[in-house]
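# Residue-level structural notes
What follows is the residue order along each chain.
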Amino acid sequence: AQSMDACRELMMRLVWGKSQGQLRDSWNPERLSAKAEVARAHQKKVEKAPAPAPVQASPDAATVKESAAYWNKRKAAEGIEVDRGPLCRIKALRAHVPTEAMEMRMRKGDTLVVKRDELDGEPGWIFATKGGDAGYVPRACLVG
């Protein structure tokens, strides 16, 4: 009888990877109902969890159409290809009235498309587009 128990134990470990005690516990009705309770509680949490918000582009990111227009107009204005980087939309903090042909008129609150890394840096001029217009604007009118 003892060798039969040892044989049964070995077979359960080989077939199910469990000892006889573990196998018996896994089929214990009380233990099964406790597992079912945990599973039901988890399911309720999953059902109550809000659906993740759809991924949206950053509100200041330029659209594909805006990007294409920006790069075309910039190449036309400068006559050379410029290192392309991420573009963004930014609201003008102040108005600007152009004094040269290469400058662009803008009003306070206008939304412009600019190259993001050109917003950082020393005071100066950066290329911007607004609708069908394009030209240079003072950086100081865009960042505070």
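Our subject in this report is the structure included herewith. (Residues numbered from 1 in each chain as written. Predicted model: local features only at pLDDT ≥ 70, side-chain atom pairs only at ≥ 80, totals over all residues. Heavy atoms only, no water.)

Looking now at the overall build of the chain. The number of helices and strands found in the chain is four helices and four strands. Helices and strands appear in the chain in the N-to-C order α-α-α-α-β-β-β-β. Nonlocal contacts in the chain, meaning residues at least 24 apart in sequence, comprise 49% of its contacts between residues at least 6 apart. If you sum the accessible surface of the chain, you get close to 10600 Å²; carbon and sulfur atoms cover 58% of it. (Helix = DSSP H or I, 4+ residues; strand = E, 2+ residues; numbered from the N terminus. Contact = heavy atoms within 4.5 Å. Areas by Shrake-Rupley, 256 points an atom, 1.4 Å probe, with all protein chains shown as cover.)

Another aspect to go through is the pairing of strand 4 (residues 133-138). Inspection of the sheet shows strand 3 (residues 125-130) paired to strand 4 by six bridges, in the antiparallel sense. Bridge pairing in strand 4 links Ala 128 to Gly 135. As consecutive antiparallel partners, strand 3 and strand 4 are separated by two residues, and within that stretch Gly 131 has a phi angle of approximately 60°, a positive value. (Pairing = 2+ DSSP bridges.)

With that settled, consider helix 4 (residues 64-78). Between its terminal C-alpha atoms helix 4 stretches 21 Å, which fits the 21 Å expected from 15 residues at 1.5 Å a residue. For helix 4, every residue scored as buried is listed here: Ser 67, Tyr 70, Trp 71 and Arg 74. Projection of helix 4 onto a plane perpendicular to its axis shows the buried side chains occupying an angular sector of 90°, all on one side. Exposed and facing more than 90 degrees away from the buried side of helix 4 are Lys 65, Asn 72 and Ala 76. Buried residues along helix 4 sit in contact with strand 1 (87-91), strand 2 (111-115) and strand 3. One or two positions beyond helix 4, positive phi appears at Gly 79, with a value near 75°. (Expected span 1.5 Å × (residues − 1). Buried < 20%, exposed > 50% of the residue type's maximum accessible area, 1.4 Å probe, protein only. Arc of directions from axis to C-beta.)

So, about the sheet that holds strand 3. Here we have four strands laid out as an open sheet, ordered 1-2-3-4, and antiparallel in their pairing. A single partner strand is all that each edge strand has here, and the edge strands are strand 1 and strand 4. Averaged over all adjacent pairs, the angle separating strand axes in this sheet is 40°, with direction ignored. (Axes fitted to C-alpha atoms, helices over the stretch in contact; angles between N-to-C directions.)

Here we come to the environment of Gly 121. Here Gly 121 lies in the loop between strand 2 and strand 3. Classification of Gly 121 by relative accessible area gives exposed; the value is 62%. The spacing of Gly 121 and Arg 139 is 18 residues in sequence and 8.9 Å in space, taken between C-alpha atoms.

Moving on, we get to the nonpolar core. Among the nonpolar cores identified, the biggest contains 13 residues, and Met 106, Leu 112, Val 114, Leu 119, Val 137 and Leu 142 are the most heavily contacted of them. Contributions of two or more residues to this core are made by strand 1, strand 2 and strand 3. Contact partners of Val 114, with chain neighbours within four places excluded, come to Tyr 70, Pro 86, Leu 87, Cys 88, Ile 90, Leu 119, Ile 126, Phe 127, Ala 128 and Leu 142. By size, the runner-up hydrophobic cluster in this structure holds eight residues, among which are Trp 71, Leu 87, Val 113 and Tyr 136. (Core = buried A, V, L, I, M, F, W, Y, C linked by side-chain atoms within 4.5 Å.)

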